[in-house]
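Geometric and topological summary
So the chains spell out like this:
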Amino acid sequence: TPVSALIHAATMVTAGVYMVARCNVFFRLAPDAMIVVACVGAFTALFAATIGLVQNDIKKVLAYSTVSQLGYMFLACGVGAFAEGMFHVTTHAFFKACLFLGSGSVIHALAGEQDIRRMGGLARRIPTTYRTFLVASLTIAGVPFLAAFFSKDAIKAAVFHAEFAPLPWLPKLLYAIALFTAGMTAFYMFRLVALTFWGEFRGTPEEASHIHESPKSMTIPLIVLAFLSVVSGYVGVPIIEHGDRIGEFLSPVRLAIAGSHETRHHAPLSVELALMAAAVAVASIGIYLAWSWYSKGEGRTPARLAAAYPGIYRTLENKYYVDEFYDAAFVRGVAIDGGHFLWEVDATVVDLIPNGAAAVTKGASWV
């Protein structure tokens, strides 16, 4: 789990986003490439968030959450908001590390159990883990004045104000996708919180008897990361004059290297506040739905929806069958079937050349 925390909080999300931000001069010279980056980012954010809605492994929910947030970061880079993308990389590092280590603390308390359907009622049994996990969940959901509220809001605002000359309608579509994804993020995170920590414990009595809070070597890092999940956003508050420390720090990369004197677009305060209000509204709706559907257990409404739309539910539960496609196309198609075909070519055609030469030589030598 600490390895998962490191990969999802830093390594995986940093590598590509850092490269695009660092090479922003090349991307800005290719507007079509920027559009591709933005569209792929928005699609990734939405695609992974829909998968996270129905996952039942506590770490898989967080893993697809990471992929979704990664899409947010690339969406920012695609509309030219490179500093905002790196800002979200920074805040995401704290709350996602807290969430992954928190999931590890839950798994530790339950002696290896990772299925959230077999959890519940843990808030009272492991209070430190619960409180830090709740803070990080509120943060990623976009609750005001926590870290991700500022970084995600900065991305959505940049997308809303972006301009794609050949496709003037595209930024508003990408903004709508980002806003809808933010609502889904709040929903699946509080579905996770509700099924894990609220209601009654759904495991066996034997499992219940062994639940215990993690030692300080595990809870102290959670407390530190929860604190940073709250305060790290204040290094880049976009609405405050000279409050964007991340942008100022990255300005030599964005401006001097490009050899330009780019000025960032500042919308009227009323527009910025309206965008913030929309973000808070969708986050609130997502949290409320998750609370009302799952706070007492697995919930009747989700079960009815799954029964009413079994095809959609199975598709999301099976992650759009991407793994099955990879297995059919690459594992069986290339590695097994393709490998067998190449072995036959090797045995019948390639080997014929040296074996034939050897046979001719042997026959001539016999003569």
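Residues numbered from 1 in each chain as written. Predicted model: local features only at pLDDT ≥ 70, side-chain atom pairs only at ≥ 80, totals over all residues. Heavy atoms only, no water.

Quick word on the confidence of the model for the chain
On average, the chain scores 90 in pLDDT, and the residues at 70 or more come to 95%. Per-residue pLDDT, averaged within each element of the chain, yields its smallest value for helix H11 (residues 245-256) (75) and its largest for helix H6 (residues 127-141) (97). Within the model, the stretch residues 256-263 combines pLDDT values under 50 with eleven contacts to residues more than four positions away or in other chains. (pLDDT = per-residue confidence, 0-100. Helix = DSSP H or I, 4+ residues; strand = E, 2+ residues; numbered from the N terminus. Contact = heavy atoms within 4.5 Å.)

Notes on the nonpolar core
Note that soluble globular proteins tend to have their nonpolar side chains buried in a common cluster. Residues Val-106, Leu-122, Met-189, Phe-190, Leu-192 and Phe-197 are the most contacted members of the largest nonpolar core, which totals 50 residues. When contributions to this core are tallied by element, the ones reaching two or more residues are helix H1 (2-22), helix H4 (58-78), helix H5 (82-109), H6, helix H8 (170-197), helix H10 (216-231) and helix H12 (269-294). The element that contributes the greatest number of residues to this core is H8, accounting for eleven residues. In this view, Leu-122 contacts Val-106, Leu-110, Thr-196, Phe-197, Phe-201 and Ile-211; residues no more than four positions away in its chain are not counted. Judged by nonpolar contacts, the second largest core, of 23 residues, contains Ala-42, Ala-76, Ala-157 and Ala-178. (Core = buried A, V, L, I, M, F, W, Y, C linked by side-chain atoms within 4.5 Å. Buried < 20%, exposed > 50% of the residue type's maximum accessible area, 1.4 Å probe, protein only.)

Describing the layout of surface pockets
In this model, the second largest pocket occupies a volume close to 770 Å³. Surrounding the second largest pocket, 28 residues form its lining, Leu-53, Val-54, Phe-187, Trp-293 and Leu-305 being those nearest its centre. Looking at the lining of the second largest pocket, the elements that each hand over two or more residues are H8, H12, helix H13 (300-308) and helix H14 (310-317). Considering each element in turn, the lining of the second largest pocket owes the most residues, seven residues, to H8. (1 Å grid on protein atoms, 1.4 Å probe; cavity = no way out; pocket = protein on both sides within 12 Å on 5 of 7 lines; lining within 4 Å. Points joined across faces, edges and corners; volume = space filled by probe spheres on them.)

Here we look at the pattern of salt bridges
Following the criterion strictly, the structure yields four salt bridges and no others. A salt bridge links Arg-118 to Glu-113; the shortest N-O distance between them is 3.2 Å. A relative accessible area of 17% places Glu-113 in the buried class. A salt bridge links Glu-207 to Arg-118; its shortest N-O distance comes to 3.4 Å. Here the residue Glu-207 occupies a position in helix H9 (residues 205-209), and Arg-118 occupies one in the loop between H5 and H6, the gap between them amounting to 89 residues. Under the relative-accessibility criterion, Glu-207 is labelled partly exposed at 24%. A residue is classified by how much of its surface remains accessible, and Arg-118, at 32% relative accessible area, is partly exposed. (Salt bridge = Lys/Arg side-chain N within 4 Å of Asp/Glu carboxyl O.)

A few points about the packing of helix H3 (residues 31-52) against H4
Packing of H3 against H4 leaves a shortest axis separation of 7 Å and a crossing angle of 160°. As far as their axial angle goes, H4 and H3 are roughly antiparallel. Pair H3 / H4 crosses with left-handed handedness. Between H3 and H4, the residues in contact are Met-34, Val-37, Ala-38, Gly-41, Ala-42, Thr-44, Ala-45, Ala-48, Ala-49, Ile-51 and Gly-52 and Val-61, Tyr-64, Val-67, Ser-68, Gly-71, Tyr-72, Phe-74, Leu-75, Cys-77 and Gly-78, respectively. Across the contact of H3 with H4, the residue classes break down as 15 nonpolar, six polar and no charged. (Axes fitted to C-alpha atoms, helices over the stretch in contact; angles between N-to-C directions. Parallel < 35°, antiparallel > 145°, perpendicular 65-115°, else oblique. Left-handed = near helix turned anticlockwise from the far one by under 90°. Nonpolar A, V, L, I, M, F, W, Y, C, P; charged D, E, K, R; others polar.)

Section: the environment of Gly-71
Of note, Gly-71 is situated in helix H4. Beyond its immediate chain neighbours, meaning those up to four positions away, Gly-71 contacts Gly-41, Ala-42, Thr-44 and Ala-45.

Brief notes about the side chain of Thr-91
Assignment of secondary structure puts Thr-91 in helix H5. By relative accessible area, which is 0% here, Thr-91 ends up buried. With residues up to four places along the chain from it excluded, the contact list for Thr-91 reads Ala-147, Ala-148, Ser-151, Ser-232 and Gly-233.

Notes on H12
Between its terminal C-alpha atoms H12 stretches 37 Å, which fits the 38 Å expected from 26 residues at 1.5 Å a residue. When H12 is considered as a whole, its buried residues turn out to be Glu-272, Leu-275, Met-276, Ala-279, Val-282, Ala-283, Gly-286, Ile-287, Ala-290 and Tyr-294. Among the structural elements, H6, helix H7 (147-160), H8 and H13 are those in contact with the buried residues of H12. (Expected span 1.5 Å × (residues − 1).)

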